[in-house]
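# Analysis of the macromolecular model
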Amino acid sequence: AQKVTQAQTEISVVEKEDVTLDCVYETRDTTYYLFWYKQPPSGELVFLIRRNSFDEQNEISGRYSWNFQKSTSSFNFTITASQVVDSAVYFCALSEGFSGGYNKLIFGAGTRLAVHP
Amino acid sequence: DGGITQSPKYLFRKEGQNVTLSCEQNLNHDAMYWYRQDPGQGLRLIYYSQIVNDFQKGDIAEGYSVSREKKESFPLTVTSAQKNPTAFYLCASSPSTGDKNIQYFGAGTRLSVL
């Protein structure tokens, strides 16, 4: 069965601290995709990153970085030097390939990050 | 600007009433989706549509209905059969070519029961 677990329900940090959001997934497929989305207070989910199961290279985008480890079925997200604008709910999601033009996303429960000045 | 527009932002339903949530996209995406979000939970798929005039049930379709008469539009009706409709509803779309498994979301509709 496919499953995404985000064990951290809420995290609170002070501005400029580094913070890591954990994501552990379960799947039987060899081809799959992992995603991170950000949900700010406005409600809209904002796409951050997609990785496929064949690419374990870590990725860095500005203050954001992602660590994908198939050996531990984890896809963790680190924010360096956090800012108040990073306050949001962050979702990790899993997709197992395609069925025609449709792909099913399995979401974790989300981690609420609060960054205080 | 291209994007997904959901309306209204807030909606109130009376007992026994059907209500319809609007979702319009101008991204020229073929696939569209409706999700429900409850506090402290991830998103759960209600319905999805790959092409016009076709749609499929997701994981929690009971008490909901949809239509897909136009590529741009995918309205969701919350029927009186849905006994616990209070939630945040999100519409999404994805392309059928290129980055076809990236879903893009609207700003959501918050539905409450009076």
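In short, a report on the structure.

Reading the values: rules and limits
Residues numbered from 1 in each chain as written. Chains lettered and ligands numbered in written order. Predicted model: local features only at pLDDT ≥ 70, side-chain atom pairs only at ≥ 80, totals over all residues. Heavy atoms only, no water. Helix = DSSP H or I, 4+ residues; strand = E, 2+ residues; numbered from the N terminus. Rg over C-alpha atoms; globule rule 2.2 N^0.38 Å. Buried < 20%, exposed > 50% of the residue type's maximum accessible area, 1.4 Å probe, protein only. Areas by Shrake-Rupley, 256 points an atom, 1.4 Å probe, with all protein chains shown as cover. Phe/Tyr/Trp six-rings, centres within 6.5 Å; stacked < 30°, edge-to-face > 60°. Disulfide = S-S within 2.5 Å.

On to the overall build of chain A. Summing up its helical and strand segments, chain A has 0 helices and 12 strands in all. The C-alpha atoms of chain A give 14 Å as radius of gyration, which agrees with the globular expectation for 117 residues (13 Å, within 12%). Referenced to the eigenvectors of the C-alpha coordinate spread, the extents of chain A come out at roughly 45 × 30 × 25 Å. Looking at chain A as a whole, 44% of its 117 residues qualify as buried. For chain A, the exposed area adds up to about 5,700 Å²; of that, 48% sits on carbon and sulfur atoms.

Scanning all chains against the criterion turns up 20 aromatic pairs over all chains. Consider the rings of Trp36(A) and Phe77(A), whose centres lie 5.3 Å apart with planes at 50°: the pair is tilted. Of this pair, Trp36(A) sits in strand β5 (residues 33–39) while Phe77(A) is found in strand β9 (residues 74–79), placing the two residues 41 residues apart along the sequence. Residue Trp36(A) shares its accessibility class with Phe77(A), and that shared class is buried. Relative to Phe105(B), the ring of Phe107(A) has its centre 6.3 Å away and its plane inclined at 75°; by these criteria the two rings are edge-to-face. Separated into two different chains, Phe107(A) in strand β11 (residues 105–107) and Phe105(B) in strand β10 (residues 104–105) make up a pair that spans both. When sorted by exposure, Phe107(A) lands in the same class as Phe105(B), which is buried. Taken together, Phe35(A), Tyr37(A), Phe47(A), Phe91(A), Phe107(A), Tyr33(B), Tyr35(B), Tyr104(B) and Phe105(B) form an aromatic cluster joined through their ring pairs.

On to the state of the cysteines. Each disulfide is one covalent bond, formed between the sulfur atoms of two cysteines. Inspection of the entire model under this criterion finds 2 disulfides over all chains. With a sulfur-sulfur separation of 1.9 Å, Cys23(A) is cross-linked through a disulfide to Cys92(A). Of note, the bridge from Cys23(A) to Cys92(A) carries an S-S torsion of about -65° and is left-handed in sense. Taken as a pair, Cys23(A) in the loop between β3 (19–21) and β4 (24–26) and Cys92(A) in strand β10 (residues 88–95) lie far apart in primary sequence, 69 residues in all. Each member of the pair, Cys23(A) as well as Cys92(A), carries the same accessibility label: buried. In this model, Cys23(B) is linked to Cys91(B) through a disulfide, with the two sulfur atoms separated by 1.9 Å. As the torsion about the S-S bond is roughly -75°, the Cys23(B)-Cys91(B) disulfide counts as left-handed. Residue Cys23(B) is located in strand β3 (residues 19–25), and its partner Cys91(B) is located in strand β9 (residues 87–94); the two are separated by 68 residues in the primary sequence. For the pair Cys23(B) and Cys91(B), one class covers both residues: buried.

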